[in-house]
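Remarks on the overall topology
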Amino acid sequence: MAPVFDWLHSAVGKFREFAYAEEKGRGGRPRVGLALSGGFARGIAHIGVLRALEQAGIPIDCISGTSSGSLIATGYAAGVPLEEMERVAADTSFADFGRYTPSWLGLATNRRLEGYLARLTPATTFEEMRIPLAISATDLKQGIAVYYTAGPLAPPLRGSCAYPGLFVPIEYEGRKLVDGFLTAPVPVEGAALLGADIVIAIYLEAGGVSEPRTVADVISRSFTIIQRHADIGWRQSADVIIEPEVKHFVWDDFSKWADLIAAGEVAAVRALPKIREALAEKVEERVS
């Protein structure tokens with residue numbers, strides 16, 4: 001994996017120099033990027049985080065997302081009002097984006113996610129976004145993170161949300177895509193690729209299921225265990241980390257949308273001092 005990340009960091013630097021050299025030369029404020037993790041229903045907590053940041057006047061210049069975080073990130077980048085995102089969340093269930101059709105590659109298909117996206121926004125391409133967006137997915141064959149920033153939204157979004165074992169992988173541009181959380185649990189690199197000077201990472205930790213009820217519970221719990229031992233990289237790259245208290249919610253707790261949004265809002269408010277400190281330090285670096 002080291003060569004992949006070496007290449008990635010090199011690409012980040014070149015992308016920043018090319019795309020944002022003029023803006024930085026004018027001495028503009030630091031560009032703030034958000035990196036939204038996945039978490040199935042827990043992803044609804046991102047709406048609360050976004051609301052708290054907006055109310056506090058924290059600028060959001062670009063956004064990246066993985067799994068359910070990519071869906072929230074897409075809606076926000078498209079300019080969907082948070083009130084509308086909350087309304088859609090309140091009427092969401094697994095059936096809105098998944099349909100059980102057992103096969104050798106998965107228990108269900110997430111094709112319905114395309115219709116769900118249409119409920120959020122009429123936009124169908126990255127080029128229609130109001131702020132830059134990056135969606136992370138995992139190339140199942142190569143075992144690497146892939147970031148999408150251009151072209152149609154639906155295939156990368158479906159790939160990013162294709163939870164291994166539950167959803168059938170998505171074939172797109174010669175790759176077999178599965179959930180982005182496998183290689184980018186919190187897509188900090190995606191925000192950096194978009195030119196963010198400060199990256200705020202939002203991590204939704206999953207709790208344990210006392211007694212698995214379904215195959216999905218078993219799969220979810222297994223990957224949660226793996227991720228707890230693989231989160232050092234993104235933590236070291238993020239400038240600020242927001243961690244809403246959502247461990248007691250299970251993967252399909254869509255009916256608890258209001259509590260999830262509240263948890264995200266509380267966590268973001270608590271993180272505001274650190275965010276403002278990071279912004280001030282970056283401004284000071286530029287002045288000096």
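Now for a quick tour of the structure. (Residues numbered from 1 in each chain as written. Predicted model: local features only at pLDDT ≥ 70, side-chain atom pairs only at ≥ 80, totals over all residues. Heavy atoms only, no water.)

**Comments concerning the nonpolar core**
Counted only if it meets this: As used in this record, nonpolar core signifies buried Ala, Val, Leu, Ile, Met, Phe, Trp, Tyr and Cys residues forming a set joined through side-chain atoms within 4.5 Å. Burial classification: accessible surface area is computed with a 1.4 Å probe over protein chains only, and a residue below 20% of its type maximum counts as buried, one above 50% as exposed, and the rest as partly exposed. Counting from the N terminus, the helices are the DSSP runs of H or I reaching at least four residues and the strands are the DSSP runs of E reaching at least two. Should any heavy atoms of two residues lie within 4.5 Å, those residues are counted as being in contact.
Within the largest apolar cluster, 74 residues are counted, with the highest numbers of intra-cluster contacts made by Leu34, Ile63, Leu133, Phe167, Ile242 and Ile275. In terms of residue count, helix H10 (residues 257-287) provides more of this core than any other element does, ten residues in total. Leave out the neighbours within four places in its chain, and leucine 133 touches Ile63, Ala73, Thr74, Ala77, Phe126, Tyr148, Thr149, Leu153 and Leu194.

**Here we look at the packing of aromatic side chains**
Keep this limit in mind: Here a Phe, Tyr or Trp ring, Trp counted by its six-membered ring, pairs with any other such ring whose centre lies within 6.5 Å, and the pair is stacked when the planes are under 30 degrees apart, edge-to-face when over 60, and tilted otherwise.
Scanning all chains against the criterion turns up nine aromatic pairs. Look at phenylalanine 97 and phenylalanine 254: their rings are 5.7 Å apart centre to centre, the planes differ by 65 degrees, and that puts the pair in the edge-to-face class. Of this pair, phenylalanine 97 sits in the loop between helix H4 (82-90) and strand E3 (99-103) while phenylalanine 254 sits in the loop between strand E11 (240-242) and H10, and the two are 157 residues apart along the sequence. Through pairs of rings, three or more aromatic residues link up here, namely Phe94, Phe97, Tyr100, Tyr116, Phe167 and Phe254.

**Digging into the packing of helix H3 (residues 68-77) against helix H5 (residues 113-120)**
Our working definition: Every axis in this analysis is a line fitted to C-alpha atoms, fitted for helices over the stretch in contact. Angles between the N-to-C directions lie between 0 and 180 degrees. For any helix crossing, the convention is left-handed if the near helix is rotated counterclockwise from the far helix by under a right angle, and right-handed if that rotation is clockwise. The residue classification treats Ala, Val, Leu, Ile, Met, Phe, Trp, Tyr, Cys and Pro as nonpolar and Asp, Glu, Lys and Arg as charged. All others, Gly included, are polar.
Close contact between H3 and H5 brings their axes to 10 Å; oriented N to C, the two are set at 30 degrees. In this structure, H3 crosses over H5, and the sense of that crossing is right-handed. Between H3 and H5, the contacting residues are Leu71, Thr74 and Gly75 on the first element and Leu113, Tyr116, Leu117 and Leu120 on the second. Its residues assigned to classes, the contact of H3 with H5 comprises five nonpolar, two polar and no charged.

**Re the side chain of glutamate 189**
Going by this rule: As used in this structure description, the phrase polar contact means that two N or O atoms lie within 3.5 Å; if the pair is within protein, one of them must be able to donate a hydrogen and the other to accept it, and residues adjacent in sequence are counted only when both atoms belong to side chains.
In this fold, glutamate 189 is placed in helix H7 (residues 188-193). Within the structure, glutamate 189 has its side chain in polar contact with the side chain of tyrosine 147 (distance 3.3 Å).

**Examining the pattern of salt bridges**
Operational definition: Salt bridge, as used here, is a side-chain nitrogen of Lys or Arg placed within 4 Å of a carboxyl oxygen of Asp or Glu.
This structure, assessed with the given rule, holds twelve salt bridges. With a shortest N-O distance of 2.2 Å, glutamate 86 and arginine 51 are connected by a salt bridge. In this pair, glutamate 86 is assigned in helix H4 and arginine 51 in helix H2 (residues 45-55), connecting sequence segments 35 residues apart. Among the salt bridges present, the one from glutamate 243 reaches arginine 235, with a minimum N-O distance of 3.2 Å. Owing to a relative accessible area of 39%, glutamate 243 belongs among the partly exposed residues under this scheme.

**Observations regarding the pairing of strand E5 (residues 133-139)**
Walk down a regular strand and you will see the side chains alternate between the two sheet faces. Going by this rule: A strand pair is defined by DSSP finding two or more bridges across the two strands.
Here E5 lies mainly inside the structure; seven of its seven residues are buried. Where burial is concerned, the two faces of E5 agree: the one with Leu133, Ile135, Ala137 and Asp139 and the one with Ala134, Ser136 and Thr138 are both buried. In this structure, strand E2 (residues 62-66) lies alongside E5, joined through four bridges in parallel fashion. In the sheet register, serine 64 faces E5, and the bridge partner there is alanine 134. Summarising the sheet, E5 and strand E6 (residues 144-148) pair through five bridges and their orientation is antiparallel. Bridge pairing in E6 places serine 136 opposite tyrosine 147. In textbook terms, the turn of a hairpin is the stretch between consecutive antiparallel strands, and for E5 and E6 this stretch comprises four residues, one of which, glycine 143, has a positive phi near 70 degrees.

**Some thoughts on the sheet that holds E3**
Strand order in this open sheet of three strands is E3-E4-E7, and the pairing throughout is mixed. At either end of the open sheet lies a strand with only one pairing partner, and these are E3 and strand E7 (165-167). Taken over all neighbouring pairs, the strand axes of this sheet differ in orientation by 25 degrees on average, direction set aside. Pairing of E3 with strand E4 (residues 106-109) involves three bridges; the strand directions are antiparallel.

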